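Residues per chain are reported as follows:
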Amino acid sequence: MDVKNTAKEIHINGLVQGVGFRPFIYRLAHEYSLKGCVENNNLGVKVIAEGEESAIDQFISDIPNKAPMASSIESIKSKEIYIHNFDAFTITKSKSVSDEITEVSPDISVCQDCLNDMKNQERRIDYPFTNCTNCGPRFTIIKDLPYDRNKTTMKVFEMCPECKKEYSTILDRRFHAQPVACEICGPAYKMYIEGKEITNIHSIVDLCAKLLETGKIIAIKGLGGYHLACNAFNEDSIQQLRVRKNREGKPFAIMFSDVESASEYLCMNKEEKYLLTGWRKPVTLLKVKKEIAPSISIQLDTVGTMLPYMPFHYMLFEKLNIPAIVLTSGNISDEPIVINDAEALLKLQPISDAIVTYNREIHNRTDDSVAMVINETPRLIRRSRSYAPSPIRLDIHTEGIFAAGAELVNCFCIGKGKQAIISQHIGDLKNLETLDFYTESIDRFKRLFRFKPQLAVCDMHPDYLSTRFARELNIPLVETQHHHAHIASCMAENKLDENVIGISFDGTGYGIDGHVWGGEFFTCDLNDFERASHFEYIPQPGGDLVTKQPWRMMLSYMHHYYGTDVVNQYPSLFNGIPLKELEMVIAMIEKGINCPLTSSTGRLFDAVSALLGICRTASYHAEPPMRLESIAKDTTDYYPFNSGKEIGFKPVFEGILKDINKGEDVGLISGKFHNTMVQVIIDTVQKISQQTAIKKVALSGGSFQNRILLKKTEDSLKDANFAVFSQSLIPSNDGGIALGQLAIAAKRREMGLI
Ligand code: ZN
Ligand code: ZN
Ligand code: FE
């Protein structure tokens, strides 16, 4: 029979490097008896395939279906070329280190094949460091590039002959899997309890399960840092954990054994299930169906849930008689998550009943990522494990730009080619240890990604520690307005480079007039913005203190609308707050002492949350709006407001007070208040659009993490024929600021303004 031989050149673009893609192509080509080669290039992977035409076509159509789970293919293009008559299929090595594409894969949760190996493969039965080309640690263990075992924290473990064979056999699933290991040669777990050390993995897992079931707290070394674990169904031990960790109210994340048991307790739709079970395994915020324990997520209607992602998690749940455990960051209050074993003994030993550790070092600290689904779209709240440091592809040159990020929920960002590489979640830079983590991570990114900063960009807030850091680099510096950076982040993620109406709602940001902004309507592009409209200015008595004492904002709004005598007029509203403090705050407002003016959305939500008696003092960031959202009931009603250049809320407060007097349900009042915010947006956007003819709207800022606000805003704007853009893979909170800063600086450089 006559077979037609042909040759094709195939270009696969997307996230296809550092995820075992070339060995995968090699194995697939082998299956179809093809000859040729595969190599990395600037855009992705290039393949030359020679053989039977039908086999090549089959091969091409198999690529997207069988690709490694951590890869993400954007496009596959192929064209016929002359036959070169290759005599085999080979993987072409990258020519030199500088040619090497500097893409670092994020960590990947353990794959099903490896879990099967842990049941069947002699050297890996119950071996908790089983991994392969398709799964396992990556970013957390990488010290330098090119990605090679001796540049990772696996360097100290010399491969046994069997592992070495797997590592060097192209057709093996562990070909060039840098962290490859087995019980003969790889890392091992160890448990410290009551002065004893346990090294047998079965004893560790058994004891761990028993301790958790009986209410004990255990520190367990995870992939990117230590966790603190306890029984998710034992209210006493969760409360104990709160005391020991010095964490009063902030919700804890939990881990369920599997998706079936999770869905018994939590509601999940198709998209939420997809997010929860995908290879990244983020903490996913899900609505509670059946109560687990009240102290996990106090006064909130959601619980942050994840599924097992390390072999040890699976082994633990096999022994546990409970379907879920609390698994929260191993740290004290706001410090970075502990990664160092000596530090774990020092800091976590006193607050846990046992420590489970292992002897593979964590090099790059990464917290669990946190996400939720709004309008069928995943929304990252914290972008860290299994997401960072995957690049974001932009349409603009970013090479050499360093973006310092914000201060409270910091991530920084570096520009490579046309990409933005955003760091893992760093945290609050005002914490000294976190600031060290920030500077250390910047140094590591410079080395890892061969990055030489030529241009820095930071927030215009003079006191942000990230701003100070950027200034001290002594390279050209761009300063950006906080809310413009939020919108630019949304625009960059959505590849927008034109005029848009930008709505930035958040807690705080330095405005160009020196006031605190946060309820902002802009007309803007990547380069610049104009403030089209904003929330009215209200004094913020005590500055940052109001975020801990939201009743101060309630008093400030009430004083603004009803004057000095407000406490006498509405005594019942201020029940429980000492008169002395009320008088002191009123004096502060009237004398203008430590009372910056704010147009912040967060502060308005604080005031309403306090007014409804839901949250008058807060124990964690954004507690008042989160609890206000949690109790909101569905309604179509809303309160009137004063629209204009300055949007005023006196009618809103009047309406709420009237409803409170009527004895209206607070859930309904909250629902009406949320709808009012949506109405404010629609009304203002329509006015701006009439004047400017702009029909594209970009939404960003931490307040858009409010599910009701984002969902209803997107729906209503779409109904009014606007094209709406919001954030998905980049957080709309300050974790996304660095990307926006980078995009603004890149645009200004492209325009020749720098
Ligand atoms: Zn695997
Ligand atoms: Zn081995
Ligand atoms: Fe912000």
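Cut-offs applied
Each residue is numbered by its place in its chain's sequence as written, counting from 1. The lettering of chains begins at A and the numbering of ligands begins at 1, in the order of writing. Only residues with pLDDT of at least 70 get local features here, since the model is predicted, and only at 80 or more are side-chain atom pairs given and counted; chain-wide, interface and lining totals rely on the full set of residues. Hydrogens and waters are ignored; side-chain quantities use all the structure's heavy atoms. Distances up to 2.8 Å from the metal define which N, O and S atoms are donors, and 3.2 Å serves for Na, K and Ca; water is absent from the atom set, so sites may look incomplete. Any coordination sphere not matching a tetrahedral pattern (four donors, all angles between 85 and 135 degrees) or a square planar or octahedral pattern (four or six donors, opposite donors over 155 degrees apart, other angles between 65 and 115) is reported as irregular. Working definition: with a 1.4 Å probe on protein chains only, accessible area under 20% of the residue-type maximum means buried, over 50% means exposed, and in between means partly exposed. The way it works is that DSSP assigns letters per residue, a run of H or I at least four long becomes a helix, a run of E at least two long becomes a strand, and they are numbered from the N terminus. Residue contacts are defined here by distance: any two heavy atoms, one from each residue, within 4.5 Å place the two residues in contact. Note on pairing: DSSP must find at least two bridges between two strands before they are called paired. Here, axes are lines fitted to C-alpha atoms. For helices the fit covers the stretch in contact, and angles between N-to-C directions go from 0 to 180 degrees. Bear in mind that the domain bounds are from an automatic or database domain assignment. Reported buried area values correspond to the accessible surface (1.4 Å probe) lost by two parts on association, with both partners' losses combined. Whenever Lys or Arg places a side-chain nitrogen within 4 Å of a carboxyl oxygen from Asp or Glu, that contact is recorded as a salt bridge. Any N or O atom pair separated by 3.5 Å or less is treated as a polar contact, with the protein-specific requirement of one donor-capable and one acceptor-capable atom, and with residues adjacent in sequence counted only for side-chain atom pairs. Given the number of residues in a helix, its expected span is that number minus one, multiplied by 1.5 Å. Here the angle decides the label: under 35 degrees means roughly parallel, over 145 means roughly antiparallel, 65 to 115 means roughly perpendicular, and every other value means oblique. A clockwise turn of the near helix away from the far one marks a right-handed crossing, whereas an anticlockwise turn of less than a right angle marks a left-handed crossing. Ten residues, namely Ala, Val, Leu, Ile, Met, Phe, Trp, Tyr, Cys and Pro, are considered nonpolar, four, namely Asp, Glu, Lys and Arg, are considered charged, and the remaining ones, Gly among them, are considered polar.

**Some thoughts on the coordination of the zinc ion (ligand 2)**
Then, number 1: At this site the zinc ion (ligand 2) is bound by C160 (SG), C163 (SG), C182 (SG) and C185 (SG), with donor distances of 2.2 to 2.4 Å.
Then, number 2: Each of the four donor atoms around the zinc ion (ligand 2) contributes to a set of angles spanning 101 to 119°, which defines the coordination as tetrahedral.
Then, number 3: One chain supplies every donor to the zinc ion (ligand 2), and in sequence these donors are spaced C-x2-C-x18-C-x2-C. Each of the two residues, C160 as well as C163, counts as buried.

**Some thoughts on the coordination of the iron ion (ligand 3)**
Then, number 1: Looking at the iron ion (ligand 3), one finds its protein donor set to be H482 (NE2), H486 (NE2), D506 (OD) and D734 (OD), positioned 1.9 to 2.2 Å from the metal centre.
Then, number 2: Every donor counted, the four donor atoms about the iron ion (ligand 3) form angles of 87 to 163° at the centre, which fits irregular coordination.
Then, number 3: Between consecutive donors of the iron ion (ligand 3), the numbers of intervening residues give the motif H-x3-H-x19-D-x227-D. Pair noted here: H482 is in helix α13 (residues 482-493) and D506 is in the loop between β23 (500-505) and β24 (519-524), with a separation of 24 residues, a long-range link. Neither residue differs from the other here; H482 and D506 are each classed as buried.

**Some thoughts on the side chain of R444**
Then, number 1: Relative to the elements of secondary structure, R444 occurs in helix α11 (residues 432-448).
Then, number 2: Leave out the neighbours within four places in its chain, and R444 touches H363 and N364.

**Section: the side chain of Q540**
Then, number 1: With respect to the helices, strands and loops of the structure, Q540 is situated in the loop between β26 (538-539) and α14 (551-562).
Then, number 2: According to the relative accessible area criterion, Q540 is buried, its value standing at 4%.

**Some thoughts on the sheet that holds strand β1 (residues 5-15)**
Then, number 1: One open sheet holds the five strands; their spatial order is β4-β1-β3-β2-β5, and the pairing between them is mixed. Two strands in the sheet have a free side with no partner beyond their single neighbour: β4 (72-81) and β5 (89-91). Going across the sheet, the axis of each strand differs from the next one's by a mean of 15°, ignoring polarity.
Then, number 2: Here β1 runs beside strand β3 (residues 44-52); their pairing, made up of nine bridges, is antiparallel. In the sheet register, N5 faces β3, and the bridge partner there is E52.
Then, number 3: Contacts between helix α1 (residues 21-31) and the sheet are confined to β1, β2 (35-41), β3, β4 and β5, with β5 contributing the most and set at about 175° to the helix.
Then, number 4: Contacts from helix α2 (residues 53-66) reach β1, β3 and β4 within the one sheet, and its direction differs from that of β3 by about 150°.

**Quick notes on the sheet that holds strand β28 (residues 646-647)**
Then, number 1: Within the open sheet, the six strands sit side by side as β28-β25-β24-β23-β29-β30. Their pairing is mixed. Edge strands, defined here as strands with exactly one partner in the open sheet, are β28 and β30 (723-725).
Then, number 2: As judged from the three bridges shared by strand β29 (residues 696-700) and β30, these two strands associate in the parallel manner. The residue of β30 that forms the bridge with V697 is V724.
Then, number 3: Where helix α20 (residues 666-692) meets the sheet, it contacts β23, β24, β25 (529-535), β28 and β29, and its direction lies at approximately 25° from that of β24.
Then, number 4: Packing of helix α21 (residues 707-719) onto the sheet brings it into contact with β23, β29 and β30, and relative to β29 it is tilted by some 180°.

**Re the domain arrangement of the chain**
Then, number 1: Domain boundaries assigned for the chain yield domain 1 (5-91), domain 2 (104-187), domain 3 (189-358), domain 4 (378-497 + 731-750) and domain 5 (535-725).
Then, number 2: Between the C-alpha centres of domain 1 and domain 2 there is a distance of 24 Å.
Then, number 3: Counting from both sides, the interface comprises eleven residues of domain 1 and, opposite them, 13 residues of domain 2.
Then, number 4: A combined buried area of about 980 Å² lies between domain 1 and domain 2, and 73% of that area is made up of carbon and sulfur atoms.
Then, number 5: Where domain 1 packs against domain 2, one counts zero salt bridges.
Then, number 6: At the boundary of domain 1 and domain 2, one finds two residue pairs in polar contact (both at pLDDT 80 or more).
Then, number 7: Ranked by residues supplied to the side of domain 1 that touches domain 2, first place goes to α1 with four residues.

**Things to note about helix α19 (residues 650-662)**
Then, number 1: The end-to-end C-alpha separation of α19 is 18 Å, in line with the 18 Å expected for 13 residues at 1.5 Å each.
Then, number 2: Considered for burial, the residues of α19 that qualify are P651, V652, F653, G655, I656, L657 and D659.
Then, number 3: Packing partners of the buried residues in α19 comprise α14, α17 (601-611) and α20.
Then, number 4: Once α19 finishes, G663 follows within two positions and takes phi at roughly 80°, a positive value.

**Focus on the pairing of strand β13 (residues 324-329)**
Then, number 1: Across the six residues of β13, six count as buried, placing the element largely inside the fold.
Then, number 2: Judged from the five bridges that link them, strand β9 (residues 226-231) and β13 form a sheet pairing that is antiparallel. Paired with N231 across the two strands is I325, which belongs to β13.
Then, number 3: Two strands pair when backbone bridges link them, and strand β10 (residues 253-256) and β13 are joined in this way by three bridges, in the antiparallel orientation. Looking at the pairing, M255 lines up with I325 of β13.

**Topic: the packing of helix α5 (residues 201-213) against helix α9 (residues 311-319)**
Then, number 1: Between α5 and α9, the least distance of the axes is 9 Å, while the angle of their chain directions is 60°. In terms of orientation, α5 lies oblique with respect to α9. Crossing of α5 over α9 shows right-handed handedness. Across from I201, I204, V205, D206, C208, A209, L212 and E213 in α5, the residues of α9 making contact are F312, M315, L316 and K319.
Then, number 2: Grouping the constituent residues of the contact of α5 with α9 by class yields nine nonpolar, no polar and three charged.

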